[in-house]
Amino acid sequence: MSIAVRQVTKRFDSSFVAVDNVSLAIASGSLTALLGPSGSGKSTLLRIIAGLETPDEGRVSILGEDVTRIPPQKREVGFVFQHYAAFKHMTVRDNVGFGLKIRKRPKAGIRATVDDLLGLVQLDGLADRYPGQLSGGQRQRMALARALAVEPKVLLLDEPFGALDARVRKELRAWLRRLHEEVHVTTVLVTHDQEEAMDVADRVTVMNEGRIEQSGKPRDLYEHPANEFVMSFVGPVNRLGEEWIRPHDLELRLEPNGTTSEAMIQRIVHLGFEVRVELVLDDGRHVSAQVTRREVEELELLEGQIIYVRPSRTTVFA
Amino acid sequence: MPARTGASRRAGGLVLGLSTAYLTLIVLIPIAAVVAASFEGGLSAFWDEVTSPGAVAALKLTFVASLLVVLVNAVTGTLIAWVLVRDDFRGKGVVNAVIDLPFALPTIVAGLTLLAVYGPGSPLGVDVAYTRAAVVLALLFVTLPFVVRAVQPVLVELDREMEEAAASLGARPLTTFRRIILPNLMPAVLSGAALSFGKAVGEFGAVVLISGNIPFDTEVASVNIFKSIESGEQAAAAAVSVVLLVLSFVVLAAADVLERRSRRHDA
Amino acid sequence: MRSSAGSRYALRTLALGYLLLLLVLPCSMIVYSTFRDGLAPVWEALTDPSFVSALELTLIAVGIAVPVNTIFGVMCAIALVRRPPKHGAWLVNSMIGLPLALSPVVVGLALVLVYGQDGWLGSWFEESGIQIIFSTPGIVLATIFVTLPFVVREVIPVLREVGTDQDEAARTLGASRFQTFRRITLPAIRWGVAYGVVLTTARALGEYGAVAVVSGRIAGKTETLTLHVDEEYLRFNEVAAFTTSLVLAVLAVLTLVAMNAFKPKEYKEVADVDRRPPSHETV
């Protein structure tokens with residue numbers, strides 16, 4: 001196990017419990033996402049692994065070594081911040097080479113390593129610029145290169161794409177996955193964006209209010225959520241009483257057949273290939289179904305139309 | 001903006017005009033008088049006054065003492081600002097308020113009390129009265145707040161994540177301070193240092209009691225000017241004043257350039 | 001980043017030690033030296049007519065300089081921020097900053113050269129029978145000169161930050177220029193003005209060098225409190241000198257309290273030791 005977190009608790013101001021008795025194991029070479037809403041404790045947990053916060057209880061080990069009392073300088077972790085934390089008074093080259101410089105590596109060696117890394121993150125040619133002259137996406141890639149330069153045992157990313165706009169975010173997401181395949185450093189990524197977590201990670205750990213709700217492969221979390229929180233956080237969901245239904249599990253028919261309920265189409269929203277159909281049931285409850293464009297055309301669905309719906313699959317939590 | 005009527009335009013111009021007139025009367029004319037008086041006997045007379053042994057000695061002492069004070073303040077001011085921003089202890093609020101005491105306390109009172117503590121009859125047994133050390137001491141007192149107050153807001157705003165990034169990359173606290181924090185504090189330190197220098201070269205009240213004003217020894221430029229005025233040698237006084245003025249401006253301009261150069265990395 | 005407890009204590013001790021030796025000790029000496037020989041000499045010093053007239057003169061100088069420079073300060077700040085002049089803004093700003101850069105004795109010299117008997121304007125005043133130098137008007141003028149910048153410099157950034165939106169809204173709602181100024185602009189800048197007034201008052205009370213040149217030091221007539229301190233010390237009346245100093249120091253402390261109350265936020269210290277994660281970092 002690359003990282004082992006054992007029964008870690010962290011409080012702030014003696015009353016607010018940010019991380020509540022959390023235990024977690026992260027496999028070597030994997031890319032794990034810590035997913036959860038604001039205040040769930042995921043960033044604090046990440047910072048505890050990095051040594052930027054000290055837990056009040058519990059232990060942290062990296063590669064078998066107990067690092068709980070060891071300061072961040074000595075843990076050999078790479079950390080990437082949401083707002084880049086670029087050394088704004090240094091050039092890109094000096095930023096990336098910083099870790100090597102303070103380890104007193106020879107100058108020629110540093111130069112070569114930095115150039116390699118800049119090539120890896122596709123920032124060649126920008127080595128002599130200052131962070132202030134780069135775009136957000138470029139700054140974040142620089143931050144990644146900087147963290148990787150010292151060959152860390154683990155790579156920790158705290159909402160690395162949070163400050164970037166949507167399109168750049170998606171590009172960098174894919175790019176991070178490719179980088180991980182190439183470099184294979186154990187990576188932990190904190191995010192509140194479930195799409196990002198599912199897209200990028202081998203394993204996802206969902207956190208809420210300082211506790212872990214569920215850990216597993218993205219597909220497992222989606223198809224077999226442990227509780228309502230995970231189900232509703234990891235994807236869109238309809239709730240009808242005790243039953244939880246995914247929008248794509250709602251079948252639409254033009255004729256009733258005894259197992260269907262009547263509903264009126266309130267709105268049809270075309271989101272590219274997928275279409276969301278917002279419905280009102282006869283008892284006034286609102287649900288939405290997700291269908292393909294072809295289905296909409298074949299069934300000739302229109303707003304205001306009465307149709308019949310039936311869940312093909314529901315989930316109930318004890 | 002809503003359309004400006006002719007009357008409102010005139011009113012606005014009037015306010016600016018009045019302000020400029022006030023400034024001209026109160027500030028510009030008197031300063032012009034000083035410059036004029038210094039060159040009254042022509043360039044050669046000016047040069048004679050400025051190079052007279054007494055004036056040279058006073059100016060040298062003033063310049064060296066002020067420079068020394070600035071260097072000390074750069075260090076102690078940053079240290080104090082650091083402790084006020086990054087540390088926490090009972091009574092910190094009071095300490096923070098006390099920093100401004102040299103701004104609020106009359107300079108003559110400052111000089112008197114420094115004399116009481118560090119002069120003859122000192123409770124600490126330390127007597128530096130009538131020495132050059134006394135000059136430096138007095139100047140340290142009156143320039144204390146400048147670097148502290150310049151650095152404090154910058155330190156508060158400093159991106160802590162840069163320091164955390166440095167730590168995660170393996171930098172120990174001292175390295176982080178030297179390579180990350182200090183470069184980002186430099187503009188503020190320089191700014192505070194320049195203000196310190198300006199205050200120090202012109203300081204009169206704090207120095208006049210404790211230094212003894214011994215010509216060629218502990219007489220600073222401002223005292224030299226004062227003595228010239230008292231003996232009716234207005235041209236001599238004006239000449240040395242002009243030198244002080246030029247010195248202040250050169251330092252302020254240099255500090256401005258340095259500050260702007262260090263700020264070029266701000267996104 | 002938290003530095004070790006050891007280094008924190010070391011830095012704290014160094015900083016506080018420096019402040020103790022340089023600031024605290026001397027200021028405590030004022031109190032000690034004042035009451036060293038008991039209360040009687042103190043009372044004598046306070047009731048001495050030269051002290052009383054020095055107090056009066058100081059209060060007159062403050063009482064004139066502060067309102068005059070406040071009005072000028074607000075007016076000038078508004079002129080510079082709302083209608084910046086196309087050319088020569090640098091000159092205006094330099095003139096405003098000049099009193100801060102000048103040695104007080106140079107200020108005194110400048111005033112003597114202009115308003116003294118042989119001065120540029122002095123001879124004109126002389127004929128009208130008004131004496132400026134070596135008299136009260138000179139002292140008031142010196143005080144006005146050295147306290148000129150404070151209100152302007154404090155109001156300008158506040159005015160910039162407040163912006164014109166509120167004023168524009170008021171105008172569209174029908175307020176006249178004066179109404180807008182009185183009801184919208186002035187309240188918006190009041191803390192900047194207050195802080196500037198406090199700084200102005202402190203400086204006016206404490207001015208020494210400029211008035212030393214300009215006053216002629218006729219005890220009972222042209223002495224301010226600061227000059228009185230000097231005078232009594234030179235006459236070996238130490239208790240009187242320290243008593244006057246104590247009065248000034250008490251006023252200084254009151255000023256400090258006022259300064260702290262009105263100070264712009266950036267200077268208030270921030271406790272860092274056990275901080276919560278800042279709001280922009282999601283927890």
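Just so we're clear, the structure is a prediction, and the values are computed from it rather than from any experiment. (Residues numbered from 1 in each chain as written. Chains lettered and ligands numbered in written order. Predicted model: local features only at pLDDT ≥ 70, side-chain atom pairs only at ≥ 80, totals over all residues.)

## Brief notes about unusual backbone geometry
All names here are of chain A.
Working step 1: For glutamate 76, which is not a glycine, the phi torsion comes out positive at approximately 55 degrees.
Working step 2: The topology assignment puts glutamate 76 in the loop between strand 5 (65-66) and strand 6 (77-80).
Working step 3: For lysine 104, which is not glycine, the phi dihedral falls at a positive 60 degrees.
Working step 4: Looking at where lysine 104 falls in the secondary structure, it is placed in the loop between helix 2 (92-102) and helix 3 (107-120). (Helix = DSSP H or I, 4+ residues; strand = E, 2+ residues; numbered from the N terminus.)

## As for the packing of helix 3 (residues 49-82) of chain C against helix 12 (residues 225-234) of chain C
Residue and element names in this part refer to chain C.
Working step 1: The contact between helix 3 and helix 12 brings their axes to 8 Å, and the two run at 150 degrees. Comparing the axis directions of helix 3 and helix 12 gives the class roughly antiparallel. Contacts between helix 3 and helix 12 involve Ser50, Phe51, Ala54, Leu55 and Thr58 from the former and Leu225, Leu227 and His228 from the latter.
Working step 2: Looking at the contact of helix 3 with helix 12, its residues break down into 5 nonpolar, 3 polar and no charged. (Axes fitted to C-alpha atoms, helices over the stretch in contact; angles between N-to-C directions. Parallel < 35°, antiparallel > 145°, perpendicular 65-115°, else oblique. Contact = placed C-beta atoms within 7 Å. Nonpolar A, V, L, I, M, F, W, Y, C, P; charged D, E, K, R; others polar.)

## Here we look at the nonpolar core
Working step 1: Ranked by internal contacts, the top residues of the largest apolar core, which has 245 residues, are Ala138(B), Leu109(C) and Phe145(C).
Working step 2: Top element by residues in this core is helix 7 (residues 132-157) of chain B. It accounts for 17 residues.
Working step 3: When residues are assigned to domains, this core turns out to be shared by domain 1 (1-38) and domain 2 (42-266) of chain B, each giving three or more.
Working step 4: Apart from the residues lying within four places of it in its own chain, the contact partners of Leu109(C) are Val34(B), Ile225(B), Ile229(B), Ala237(B), Ala238(B), Ser241(B) and Val213(C).
Working step 5: Counting residues in hydrophobic clusters, the runner-up holds 9 residues, among them Leu250(A), Leu279(A), Val287(A) and Val291(A). (Core = buried A, V, L, I, M, F, W, Y, C linked by C-beta atoms within 7 Å. Buried ≥ 20, exposed ≤ 12 C-beta atoms within 10 Å, placed from the backbone. Domains from an automatic or database assignment.)

## What about helix 7 (residues 136-147) of chain C?
Residue and element names in this part refer to chain C.
Working step 1: Its 12 residues give helix 7 an end-to-end C-alpha distance of 17 Å, which sits within 8% of 16 Å, the value for a rise of 1.5 Å per residue.
Working step 2: Across the 12 residues of helix 7, 10 count as buried, placing the element largely inside the fold.
Working step 3: Along helix 7, the residues that are buried comprise Gly138, Ile139, Val140, Leu141, Ala142, Thr143, Ile144, Phe145, Val146 and Thr147. (Expected span 1.5 Å × (residues − 1).)

## Considerations on helix 10 (residues 177-206) of chain C
Working note: α-helix, 3.6 residues per turn, so residues spaced by three or four point in the same direction.
Working step 1: Here helix 10 of chain C spans only 38 Å end to end across 30 residues, well under the 44 Å set by a 1.5 Å rise per residue.
Working step 2: The largest bend along helix 10 of chain C measures about 55 degrees and falls at Arg190(C). (Bend = angle between axes of the 7 residues up to and from the residue.)

## Here we look at the confidence of the model for chain C
All names here are of chain C.
Working step 1: Residues of chain C with pLDDT of at least 70 account for 91%, and the chain-wide mean is 84.
Working step 2: pLDDT under 50 marks residues 266-283. Its contacts with residues more than four places away, or in other chains, come to 35 contacts.
Working step 3: Quick note on the complex model: pTM equals 0.82, ipTM equals 0.88. (pLDDT = per-residue confidence, 0-100.)

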